[in-house]
Number of protein chains: 2
Amino acid sequence: MRMGNAHLSVLEKIVGARAMEQGAEERYCHSYDATGRSYLPDVVVFPSTTSQVSRIFKFACEQKISVIPRGNGSGMTGGSLPLEGGIVLSMGRMNAIHDIDEENFTASVEPGVITGDFHRAVEKKGLFYPPDPASSSFCTLGGNIAECAGGPRAVKYGVTRNYVLGLEAVLPTGEIIHTGVQTAKGVAGYDLTRLIVGSEGTLAVVTRMTLRLIPLPEKIETLSACFSDIHQAASTVSAIIRTGIVPRCVEFLDRSSLELVKDSLGASALAPGTCALLILEVDGKKEMVATETRQLKSLCLSMGAIKVTTARNSGEAATIWKARKALSPLLYQLAPHKINEDIVVPISAIPDMVGFIEQLQRQWGLTIVSFGHAGDGNIHCNIMYDKRDEDQCRRAQKAVDALFEHTLKLGGTITGEHGVGITKKKYLTKEIGPVEIGLMRQIKHLFDPHNILNPGKIF
Amino acid sequence: MRMGNAHLSVLEKIVGARAMEQGAEERYCHSYDATGRSYLPDVVVFPSTTSQVSRIFKFACEQKISVIPRGNGSGMTGGSLPLEGGIVLSMGRMNAIHDIDEENFTASVEPGVITGDFHRAVEKKGLFYPPDPASSSFCTLGGNIAECAGGPRAVKYGVTRNYVLGLEAVLPTGEIIHTGVQTAKGVAGYDLTRLIVGSEGTLAVVTRMTLRLIPLPEKIETLSACFSDIHQAASTVSAIIRTGIVPRCVEFLDRSSLELVKDSLGASALAPGTCALLILEVDGKKEMVATETRQLKSLCLSMGAIKVTTARNSGEAATIWKARKALSPLLYQLAPHKINEDIVVPISAIPDMVGFIEQLQRQWGLTIVSFGHAGDGNIHCNIMYDKRDEDQCRRAQKAVDALFEHTLKLGGTITGEHGVGITKKKYLTKEIGPVEIGLMRQIKHLFDPHNILNPGKIF
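For clarity, every value in this text was computed on a predicted model and none was experimentally measured. (Residues numbered from 1 in each chain as written. Chains lettered and ligands numbered in written order. Predicted model: local features only at pLDDT ≥ 70, side-chain atom pairs only at ≥ 80, totals over all residues. Heavy atoms only, no water.)

### Some remarks on the state of the cysteines
Residue and element names in this part refer to chain B. Tallied over the entire structure, the rule returns zero disulfides over all chains. Cysteine Cys 148 remains unbridged, with the sulfur of Cys 139 as its closest cysteine sulfur at 13 Å. Given the relative accessible area of 1%, Cys 148 is considered buried. (Disulfide = S-S within 2.5 Å. Buried < 20%, exposed > 50% of the residue type's maximum accessible area, 1.4 Å probe, protein only.)

### Some points on the interface of chain A and chain B
Tallying the contact residues gives 75 residues for chain A and 75 residues for chain B. Counting across the interface, chain A meets chain B through eight salt bridges. Linking Glu 417 of chain B and Lys 185 of chain A is a salt bridge whose minimum nitrogen-to-oxygen distance equals 2.7 Å. Here chain A and chain B share 20 residue pairs in polar contact (both at pLDDT 80 or more) between them. Counting residues per element, the ones that place at least two in the side of chain A that touches chain B are strand 9 (176-180), helix 7 (192-196), helix 8 (230-243), helix 10 (286-302), helix 15 (428-431) and helix 16 (434-447) of chain A. When residues in the side of chain A that touches chain B are grouped by element, the largest group, nine residues, is from helix 16 of chain A. (Contact = heavy atoms within 4.5 Å. Salt bridge = Lys/Arg side-chain N within 4 Å of Asp/Glu carboxyl O. Polar contact = N/O pair within 3.5 Å; in protein donor to acceptor, adjacent residues only side chain to side chain. Helix = DSSP H or I, 4+ residues; strand = E, 2+ residues; numbered from the N terminus.)

### Description of the sheet that holds strand 18 (residues 378-385) of chain B
Residues and elements named next belong to chain B. Strand order in the open sheet made by the seven strands is 15-12-14-13-17-18-16, with antiparallel pairing throughout. Both outer strands of the open sheet, strand 15 (307-310) and strand 16 (337-344), are each paired with one neighbouring strand and no more. Here the strands of the sheet are splayed against their neighbours by 15° on average, with no regard to which way each runs. Across eight bridges, strand 16 lies against strand 18 in antiparallel orientation. Note that in strand 18 the partner of Glu 341 across the bridge is Cys 381. Sheet contacts for helix 8 (residues 230-243): strand 12 (219-227), strand 13 (249-253) and strand 14 (276-284); angle to strand 14, the most-contacted strand, approximately 20°. Packed onto the sheet, helix 9 (residues 255-265) meets strand 13, strand 14 and strand 17 (368-373) and runs at close to 70° relative to strand 17. (Pairing = 2+ DSSP bridges. Axes fitted to C-alpha atoms, helices over the stretch in contact; angles between N-to-C directions.)

### Some remarks on the UniProt feature "domain: FAD-binding PCMH-type" (unreviewed entry) in chain A
The UniProt entry lists residues 37-216 of chain A under the feature "domain: FAD-binding PCMH-type" (unreviewed entry), expressed in the numbering used here. Between the C-alpha atoms that bound residues 37-216 of chain A the distance is 38 Å, and the span itself is 22% helix and 24% strand. (UniProt positions renumbered as here; feature names shortened; annotations may be inferred.)

### Brief notes about the domain arrangement of chain A
All names here are of chain A. With domains assigned, chain A is organised as domain 1 (94-215), domain 2 (219-325) and domain 3 (332-420). Centre-to-centre, using C-alpha coordinates, domain 2 lies 22 Å away from domain 3. The partner domain 3 presents 19 residues to the 16 residues of domain 2 that form the contact. At the surface where domain 2 touches domain 3, the tally comes to zero salt bridges. Scanning the region where domain 2 abuts domain 3 turns up eight residue pairs in polar contact (both at pLDDT 80 or more). (Domains from an automatic or database assignment.)

### Structural notes on the pairing of strand 14 (residues 276-284) of chain A
Residues and elements named next belong to chain A. For strand 14, a buried count of nine out of nine residues is recorded, marking the element as mostly surrounded by other parts of the structure. Side chains of strand 14 alternate between two faces, with Ala 276, Leu 278, Leu 280, Val 282 and Gly 284 and Leu 277, Ile 279, Glu 281 and Asp 283 buried alike. Both strand 12 (residues 219-227) and strand 14 contribute to a ladder of nine bridges, which runs antiparallel. By the bridge assignment, Ala 225 is partnered in strand 14 with Leu 278. Bridge count for strand 13 (residues 249-253) against strand 14 is five bridges, and the pairing is antiparallel.

### So, the pattern of salt bridges
All names here are of chain A. Tallying each qualifying case throughout the model produces 42 salt bridges over all chains. Ionic pairing is found between Arg 394 and Asp 391, a salt bridge with its closest N-O pair at 3.0 Å. Of the two residues, Arg 394 and Asp 391 are both situated in helix 14 (residues 390-409); the distance of three residues between them amounts to about one turn of the helix. A residue is classified by how much of its surface remains accessible, and Asp 391, at 35% relative accessible area, is partly exposed. Each member of the salt-bridge network shares a partner with another, and the members are Lys 156, Arg 248, Glu 281 and Asp 283.

### Focus: the relation of the copies chain A and chain B
With an RMSD of 0.0 Å, the operation that places chain A on chain B is a rotation of 180° combined with a shift of 0.0 Å along the axis. Viewed as a symmetry operation, the transformation between the two copies matches a two-fold axis. Taken as a fraction of all interface residues of chain A, those also at the interface in chain B reach 100%, which identifies the copy contact as same-surface. (Least-squares fit on C-alpha atoms with pLDDT ≥ 70 in both.)

### Let's talk about the environment of Trp 321 of chain A
All names here are of chain A. Structurally, Trp 321 is set in helix 11 (residues 314-325). Each C-alpha atom of the pair Trp 321 and Lys 285 lies 22 Å from the other, and the pair is 36 residues apart in sequence. Leaving out residues up to four positions away in the same chain, Trp 321 has contacts with Pro 152, Thr 222, Cys 249, Glu 251, Ile 279 and Glu 281.

### Focus on unusual backbone geometry
All names here are of chain A. Not every positive phi belongs to a glycine, and Lys 64 is a case in point at roughly 55°. Counting through the fold element by element, Lys 64 comes out in the loop between helix 3 (50-63) and strand 3 (67-70). For Lys 64, a relative accessible area of 44% gives the class partly exposed.

Structure (structure tokens):
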């Protein structure tokens, strides 16, 4: 249903006039995400307390109005898009870091905290929160929990779900729940915490979270290894994993990715003839890092790298990461539209997948840019095209179909960290069977009987 | 309902006569677990394939007969007890290690594999599966998944849920499902994998699992530190965590525990006047382990340890662990019955909790033995008593009530790794609210509409 003035005045009573926007501009600003798609909400509200969130849901439930939770709209699959209008629940004002507990290695925070701000806050105290999606300078912890965000460091440290101990959340019925624990361990009852993490904002809205922290590594070294042959780079990833060294990052950039970032990497970063780059990072105790850096350098050279550079200081390392993290938005220099798939394959299948993607490019005459978290087999594969060209659309679609088919054939998954949202909905049944999807749908119905929370996502 | 000959003959058709036991002895052998309680099943079946498990459930569902999955009966809270008779589904014959994939750091195994056997199998290939409950020499991986088992190494490496990538499982309706992924990452759909892990065998029966492995640490050092004051030992645990060193084990044994194991530890292990022992273990690269061992040793001494010993070889380390792992069964030397609670408190609250337990002993005149995984705040607190003595029962009950109340007041949980089962059922509502338990009950109903799978557990 569309919202009328009576509805808006109830919302205003809950959050106050200054925490509500109905103007066209503000609604537009909350209409899109990183997919580039846009759906206008009827109204945007900015709650500042859990109680307000609860009252909004009670009202929305009664009136059968959709509520779409939103962090900063950096999602890759449309998870925060208000497909049918309704209320966008913008969580940015619930951005307090309540507590960083240095004795117990935990933090209690609100969902609107920017991930990068949280990194800096805990690192000041000698602590470390590993999950670091490429959008960390603007995405929020709430969004990270919704999508179970990963990032480069997941290869060593795991993803968001490994760092969430407990949640306060509001159910679509308006009830406030507390899940999980505040301690290092806990198994009382079913694991509602991890059911909510990664549910793409469709089961509950997280209003506070207890996160696990670990000690900040003493030392970090960042290496970049240039390869003239993409297959050598891919084989090097498997070879690294086999050594038993666990770098904290093993990132892969193909030739098209390098074209986009070579200027920001700096003139001397890439050797002439570089077709693929690996960014490796090791962390830990100083002596161990020095040893592993030497070992990785010589391994890369023995696998055919034409140049291996170690960042001389944190500034040089930051330059490399800034270039890597800028890749996703830069893709639009190549074509007006992209289909961005974050497939995962077993690490040993990376060389096969890299070859398959090359073949796809030739077969369908499209630029496909591949980069990503090769260390855990998670490749961001971007099929570039122009939506206005029907033939390109058709070919892009064929390429995606083939990409997913091959991914699943190799024992992989269609999404490592971006979620399903709306963009992968139609592919979900290729990976997950009808009984399993049936269970998921029933869980959704159980949490959200009126289907008002973020409807139309995942299935 | 009780089972008749017609029922038994259908089961025989499914699994064969040699995979079914109706004799009193075999039924008795499958009637108890580590709680010491016993409930006779009507029949014990030993399926050897997923398809057999599925057919058993289809039949049980139709006939409304309870099915109780069982590993090796080492559970601490009654999770595998057939409270109302029915079919015990003994998973021990599904014990194949199908694959240990050295390139992708994964293993595909059946639930009946003994955890310790699995440790040895992967370690032979230079790989490592960290979860190691004290019962690892006889418990099964299926049971570990059901309870989300932890163990000493969880302080560094996390618990079972961190090592499960994907599952094949049979629903109580007989349908076979596949959850999760075979890869390092994956977020497609709701996290059914972690919903099943730790659900204490009440949502589905796991028939195959993909587990994550990590590289085997190069070097391990095992230290034991004797303290003449239990409070010094407790404070040392917090002090260790604050240093940023993450030992792979930080175990604590109080004076009563040491009385039980001093002979197996060996004459020279404990300094005269030892009232508490910390067992510390560090692992990783050789040089780092040497440095951290030195640092831990001097930290313990500065905190007041009267003796710190480093195991000279793996044999000496094994002696220490053998003694530690034997503790739980040895408790019955002190009294015929125990109430065993695996509470968890924030690490900084361990000294407070240790003091509180001392006070409880004095107040209720009972021996309370405390030991466990102090590094993550997980203390196994055993209240020893004689069930035949009504007054002791009353006092033991009062002590448990006070223990849980204080645990929750400190921000802790009533169970870190043993689960709720039947022994903690009545305490669950002290920790988890009615809305959350309502959700859990509905999830149970959704998976098991006829309530035939392991009924009467958790809530």
